[in-house]
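As a plain string of letters, each chain reads:
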Amino acid sequence: MKNLNLFIELTRLKRPIGYILLFWPCAWGLTLAYDFSKSLNDYFFYLSLFFLGSVLMRSAGCIVNDISDKEFDKKVSRTKKRPIASNQVSVKLGIFYTLILCLLAFLVLINFNNLTILLALGSMPLAFTYPLMKRFTYWPQLFLGITFNYGLILGWTAIHGGINAVAIIFYLGAIFWTLGYDTIYGFQDIKDDEIIGVKSTSIKFKKKPKNFISTCYIFLIFSILIVGYLMNYNYFFYISLLITIAHLFFYQIKIFNSKKPSICLKVFKSNNLVGLLIFCNILIGKF
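Residues numbered from 1 in each chain as written. Predicted model: local features only at pLDDT ≥ 70, side-chain atom pairs only at ≥ 80, totals over all residues. Heavy atoms only, no water.

Caption draft 1: Inspection of the overall build of the protein at higher detail. Helix and strand content of the protein: 16 helices and 0 strands. Scaling as 2.2 N^0.38, a compact globule of 287 residues should have a C-alpha radius of gyration of about 19 Å, and the protein matches this with 19 Å. Dimensions of the protein, computed from C-alpha atoms along their principal axes, come out at roughly 55 × 45 × 35 Å. When burial is assessed residue by residue, the protein has 52% of its 287 residues classed as buried. Across the protein, every contact between residues at least 6 apart in sequence was considered, and the portion connecting residues at least 24 apart equals 74%. Carbon together with sulfur atoms contributes 68% to the accessible area of the protein, which is approximately 13,700 Å² in total. (Helix = DSSP H or I, 4+ residues; strand = E, 2+ residues; numbered from the N terminus. Rg over C-alpha atoms; globule rule 2.2 N^0.38 Å. Buried < 20%, exposed > 50% of the residue type's maximum accessible area, 1.4 Å probe, protein only. Contact = heavy atoms within 4.5 Å. Areas by Shrake-Rupley, 256 points an atom, 1.4 Å probe, with all protein chains shown as cover.)

Caption draft 2: Structural context of the pattern of salt bridges. Taken as a whole and assessed by the stated rule, the structure comprises 6 salt bridges. The residue Asp 66 makes a salt bridge to Arg 12 at a minimum N-O spacing of 2.8 Å. One end of the pair, Asp 66, is in helix H3 (residues 41–68); the other, Arg 12, is in the loop between helix H1 (2–11) and helix H2 (17–33), with 54 residues separating them in the sequence. Among the salt bridges present, the one from Lys 206 reaches Glu 194, with a minimum N-O distance of 2.6 Å. (Salt bridge = Lys/Arg side-chain N within 4 Å of Asp/Glu carboxyl O.)

Caption draft 3: Structural context of the packing of aromatic side chains. In total, this model carries 29 aromatic pairs according to the counting rule given. Here Phe 7 and Tyr 97 contribute two aromatic rings whose centre-to-centre distance is 5.0 Å and whose plane-to-plane angle is 75 degrees, an arrangement assigned as edge-to-face. On the criterion of sequence distance, the pair formed by Phe 7 in helix H1 and Tyr 97 in helix H5 (residues 91–109) is long-range, its members being 90 residues apart. Judged by its relative accessible area of 17%, Tyr 97 falls in the buried class. Judged by centre distance (4.0 Å) and plane angle (5 degrees), the ring pair of Phe 205 and Phe 212 falls under stacked. Residue class for Phe 205 comes out partly exposed when judged on its relative accessible area of 22%. Every member of this aromatic cluster is reached through a ring pair, and the members are Trp 28, Phe 170, Trp 177, Tyr 181, Tyr 185 and Phe 268. (Phe/Tyr/Trp six-rings, centres within 6.5 Å; stacked < 30°, edge-to-face > 60°.)

Caption draft 4: Looking closely at H1. Looking only at H1, the buried set comprises Leu 6, Leu 10 and Thr 11. All buried residues of H1 fall inside an arc of 120 degrees around its axis, so they share one side. Considering only its buried residues, H1 is in contact with H3 and H5. Backbone geometry just after H1 places Arg 12 at a positive phi near 60 degrees. (Arc of directions from axis to C-beta.)

Caption draft 5: Structural context of the UniProt feature "transmembrane region" (unreviewed entry) in the protein. Listed under "transmembrane region" (unreviewed entry) in the UniProt record, and renumbered for this structure, are residues 43–68, 89–109, 115–133, 142–159, 165–184, 212–229, 235–251 and 263–284. For residues 142–159, the end-to-end C-alpha separation is 27 Å, with 94% helix and 0% strand making up the annotated structure. Measuring from the first to the last C-alpha atom of residues 212–229 gives 26 Å, for a span that is 100% helix and 0% strand. (UniProt positions renumbered as here; feature names shortened; annotations may be inferred.)

Caption draft 6: Local environment of a nonpolar patch on the surface. A cluster of nonpolar residues, Phe 222, Leu 225, Tyr 229, Leu 230, Tyr 235, Phe 236, Tyr 238, Ile 239, Leu 242 and Ile 284, forms a patch on the protein surface that exposes about 1,000 Å² of accessible area. Counting residues per element, the ones that place at least two in the nonpolar patch are helix H13 (209–230) and helix H14 (235–255). The leading source of residues in the nonpolar patch is H14, at 5 residues. Looking at the element boundaries, Phe 236 is found in helix H14. (Patch = residues over 30% accessible without salt bridge, like charges linked within 9 Å, V, L, I, M, F, W, Y side chains within 5 Å.)

Caption draft 7: A look at the nonpolar core. One finds Trp 28 and Phe 170 to be the most contacted residues of the largest nonpolar core, which totals 81 residues. Among the elements that make up this core, the one with the highest residue count is H2 (13 residues). Trp 28 has contacts with Leu 152, Phe 170, Ala 174, Trp 177, Gly 275, Ile 278, Phe 279 and Ile 282, leaving out every residue within four places of it along the chain. (Core = buried A, V, L, I, M, F, W, Y, C linked by side-chain atoms within 4.5 Å.)

Caption draft 8: Quick look at unusual backbone geometry. Positive phi, normally seen in glycine, also occurs at Arg 12, with a value near 60 degrees. Arg 12 sits in the buried class, given a relative accessible area of 6%. Even without a glycine there, the phi angle at Asn 232 is positive, about 55 degrees. Within the secondary structure, Asn 232 sits in the loop between H13 and H14.

Structural data, given as structure tokens:
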């Protein structure tokens, strides 16, 4: 039981916000591409695969992140008790867990078409080098956005077997979404990060965080509007999008306070609702 609890802690399975935020772009891409006049069996099958893949890959990513950041985590109050940082789990065991999770994820992946498999495999270097970015650039959140939203492209290719402008535009907008919400998340550790010398957009834009985060969210909304236009969505799509806009700007931006870690975490977690709202926006546009 102790080893099981350590594994759960290591993979953050008790904190689902990580794999849910990884899952939503997959669901967006799949829903955007799917023809709902056909049987829903394939849709729910692929949706289940993407959810399972999100859990597995996010779990593997957490372990790789903890191995990479072991020495940094020891110096940060919020992370110093993580299993690898506190030496409760060895690096070798962490690598073993990662290989098992990746193997399981590959068994999920082979249910898709060849292009989707190739694109997913091509994203692996991004997924596992992201933790290193905070050592070299103030933009690690940008690399996270590129990685975390890759599922949007995969959701599209799983249905169409190819990529077009709609998927790319939406993907770019989703990258800005992650850039915004992970900047919010980064303010929890900004004091420790500055002391130990790691970089982030939270540090880079600490003087005007709301301006930067608002700009990121504007790009997200702009991309969704373009997608709605290119997909010839009905006017109910644009009306429903107002709810998403209201949440981003009249809730998140309004209550966000970079000086209060508890508020930062609360606002960050509310992006699960944003993912659901955009998912509903797409469904409304298609019917």
